[in-house]
Each structure stands twice: as structure tokens, then as C-alpha cells.
Amino acid sequence: MDMGTVVLGIVLLFVLIILASSIKIVKEYERAVIFRLGRVVGARGPGLFFIIPIFEKAVIVDLRTRVLDVPVQETITKDNVPVRVNAVVYFRVIDPVKAVTQVSNYIMATSQIAQTTLRSVIGQAHLDELLSEREKLNLQLQKIIDEATDPWGIKVSTVEIKDVELPSGMQRAMARQAEAERERRARILLAEAERQAAEKLREAAEIISAHPMALQLRTLQTISDVASDKSNVIILPLPMEMLKLFKSVGEAAEAVKKSVEGKEKKAEALQKKSG
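For the protein, the helix and strand inventory stands at 8 helices and 8 strands. Within the protein, buried positions represent 22% of all 275 residues. Pairs at least 24 apart in sequence give 62% of the contacts found in the protein among residues at least 6 apart. For the protein, the exposed area adds up to about 19700 Å²; of that, 60% sits on carbon and sulfur atoms.

Below, the structure is given as C-alpha cells:
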């Protein structure tokens, strides 16, 4: 093997290495930001493309949605209640050039923005809002974080508050409040039931007073219900008609007595006048 063959082999090997380094393949969910002599010339991909070795450099950026777990943040609500809150952020890169050139580490930067924004938003909300209007706070967090990361080519799609930890004393106070609220509702329901029962009794009394026979029928129905248990002793009262008869006879006798007494007094008066 002469010297020329060795040189040719070295040149061919060098050309193959250069060609291999110039071929780039990026996946469907990736983009390659190309730097030529230190200057950005744009983003390429997906698929196969070529770069100029030595003069150009490719930085691969993942465009898939990332899930960022925001660690627990200790803060105080607007009504001075200490709470521990954590959240989760869903975001993705929509402009790979900005994500590479505007911030050194867009994942870390988004995490820090999410932590500070979470503390700020929770500090401006009352405890009741944090517990009952969480969707509203989620939208507020998403809007603020999205606006802060937009210059970096980041799109924040969703922010969700996961857990809210309260002090044990506050939990006991809320439990007592909930118990008192349940007792209040129970008393209101009981009072409403008694009011409705009283109205129905009043209506029944009006109907019975208009139809006296209904009272006797009701009495007979009650006797029938009690008679189903053989261990009970039933004492039947006099019928209502007989009581009314006795009352009528008594009233008639009293009227006759008064009439006789009146006649006797008139007779005595006449005798005194004639004498």
C-alpha cells in the first residue's frame, strides 16, 4: 500500500465523518434551533435535514406538553390564615427560538414563576374563596403565569391547585362551624314541619266543625285502630247525639222551670194587688 492510498483513505474517512455530522433527524414533536456562527437562522424539523458542520449547531427543543409539579408553598391568606398549598402546571413550547434564546432554562424559569405567582394569588384571596372558588383561582394563576412566560415562547394551558393544608386548630373550628350549620338546618326543618302540621290540623278542625258527623266517624276509626290490639281495654263513651239530647232536655227543663216561676210570681203579684 503506497502513501497515496493511505492519504485517500484518510480523506474519505474525514468526508464520511463530516457527512455523518451534517445529517440531523428530529422527531415529530421536536424542533431544531439552528445557530450559524453563533447567530440564529431559524428552526428546522421535523424529519431529515442537513447542517454545515463546524459552522452550524443544532439545539433540539421538545414541543410536547410538560407537567410541572409546584412544591408546597407556605403563605397567609387575605384574612390572616396560614395555609400550605401546592399546584401543578401544564405548559409547552410554542416558539422554540424564543425558548432557546430568551431564557437559559425555560423549565426552571417557569417553575420559579409558578411558585411566586401561587404565593401572590393565595395571599390576595380569602380562605372561603380558596376552598369554594378554586376554579376562579386556577384561571387567575393560569393567566398570570401565561403572560409572564409568553416572551419565552411558552404557552401555559392549565394550572390546578392540588392540596390545601390548614392548621389543626382551624380544621377543628371549621368542623364546629359545619356542625352548628347542620344543627341550624335541622331545627329549621323541624319548625317548618311543625308549622305545616299545625296548618293541616287547623284545616281538619274547620272541616270537622262544619260537619259534626265527621268527628264521630273519626272517633269510630280510632276505636277500630285501638281494637286491633287485644291487650287493650276500650271504654266506649256515650254517643255525641245522646249527649246533645241530654243537653237539650236539660235546657228545656230549665226553661220550663223558669216559666213556672215567672207565672207564680205574677200570680202572687196579682193577689197582693187585689188584697
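A word on a nonpolar patch on the surface. Where nonpolar side chains cluster on the molecular surface, the patch consists of Met3, Val6, Val7, Ile10, Val11, Phe14, Val15, Leu16 and Leu19 and spans about 850 Å² of accessible area. One can find leucine 16 in helix 1 (residues 3-22). Residue leucine 16 is classed as exposed on the basis of its relative accessible area, which comes to 56%.

The next point concerns the packing of aromatic side chains. Applying the stated criterion across every chain yields a total of 0 aromatic pairs. Sitting above the plane of the tyrosine 29 ring, arginine 64 keeps its charged end 3.9 Å from the centroid.

The subject of this paragraph is unusual backbone geometry. Across the junction of glycine 45 and proline 46, the peptide omega takes the value 0°, indicating a cis bond. Here proline 46 shows up in the loop between strand 3 (39-44) and strand 4 (47-50). The phi dihedral of isoleucine 54 is positive, around 75°, even though this residue is not glycine. Tracing the chain through its elements places isoleucine 54 in the loop between strand 4 and strand 5 (56-62).

This brings us to the sheet that holds strand 7 (residues 82-93). Taken in spatial order, the 3 strands make up an open sheet running 6-7-8, and their pairing is antiparallel. In this open sheet, the two strands that pair with only one neighbour each are strand 6 (66-76) and strand 8 (154-165). Each strand of the sheet is rotated relative to its neighbour by a mean of 25°, with strand direction disregarded. Here 9 bridges tie strand 6 to strand 7, and the two strands are oriented antiparallel to one another. In the sheet register, arginine 66 faces strand 7, and the bridge partner there is phenylalanine 91. Contacting strand 6, strand 7 and strand 8, helix 3 (residues 106-123) runs over the sheet at an angle of about 35° to strand 6.

The next subject is the side chain of glutamate 30. Locating glutamate 30 in the fold gives a position in strand 2 (residues 30-36). Salt bridges are absent for the buried glutamate 30, whose nearest opposite-charge side chain, lysine 27, sits at 4.4 Å. Residues within four places of glutamate 30 in sequence aside, it is in contact with Pro46, Ile60 and Val61.

Turning to helix 5 (residues 134-149), a few remarks are in order. With 16 residues, helix 5 should reach 22 Å at 1.5 Å per residue; the first-to-last C-alpha distance of 22 Å fits that figure. Those residues of helix 5 that fall on the buried side of the exposure criterion are Leu137, Asn138, Leu141, Gln142, Ile145, Asp146 and Thr149. Looking down the long axis of helix 5, one finds its buried residues gathered within 160° of arc, a one-sided arrangement. Along helix 5, exposed side chains directed more than 90 degrees from the buried face belong to Lys136, Leu139, Lys143 and Glu147. The inward-facing, buried residues of helix 5 contact helix 3, helix 4 (127-132) and strand 8.

All right, on to the packing of helix 3 against helix 5 then. Here helix 3 crosses helix 5 at 140°, and the two axes come no closer than 10 Å. Comparing the axis directions of helix 3 and helix 5 gives the class oblique. Considering how the two elements wind past one another, helix 3 and helix 5 form a crossing that is right-handed. Residues Thr110, Ile113, Ala114, Thr117, Leu118, Val121 and Ile122 of helix 3 form the contact with helix 5, whose participating residues are Leu137, Gln140, Leu141, Ile144, Ile145, Ala148 and Thr149.

Conventions adopted
Residues numbered from 1 in each chain as written. Predicted model: local features only at pLDDT ≥ 70, side-chain atom pairs only at ≥ 80, totals over all residues. Heavy atoms only, no water. Helix = DSSP H or I, 4+ residues; strand = E, 2+ residues; numbered from the N terminus. Buried < 20%, exposed > 50% of the residue type's maximum accessible area, 1.4 Å probe, protein only. Contact = heavy atoms within 4.5 Å. Areas by Shrake-Rupley, 256 points an atom, 1.4 Å probe, with all protein chains shown as cover. Patch = residues over 30% accessible without salt bridge, like charges linked within 9 Å, V, L, I, M, F, W, Y side chains within 5 Å. Salt bridge = Lys/Arg side-chain N within 4 Å of Asp/Glu carboxyl O. Phe/Tyr/Trp six-rings, centres within 6.5 Å; stacked < 30°, edge-to-face > 60°. Lys NZ or Arg CZ within 6 Å of the ring centre and 35° of its normal. Pairing = 2+ DSSP bridges. Axes fitted to C-alpha atoms, helices over the stretch in contact; angles between N-to-C directions. Lys, Arg positive; Asp, Glu negative; His and termini not counted. Expected span 1.5 Å × (residues − 1). Arc of directions from axis to C-beta. Parallel < 35°, antiparallel > 145°, perpendicular 65-115°, else oblique. Left-handed = near helix turned anticlockwise from the far one by under 90°.

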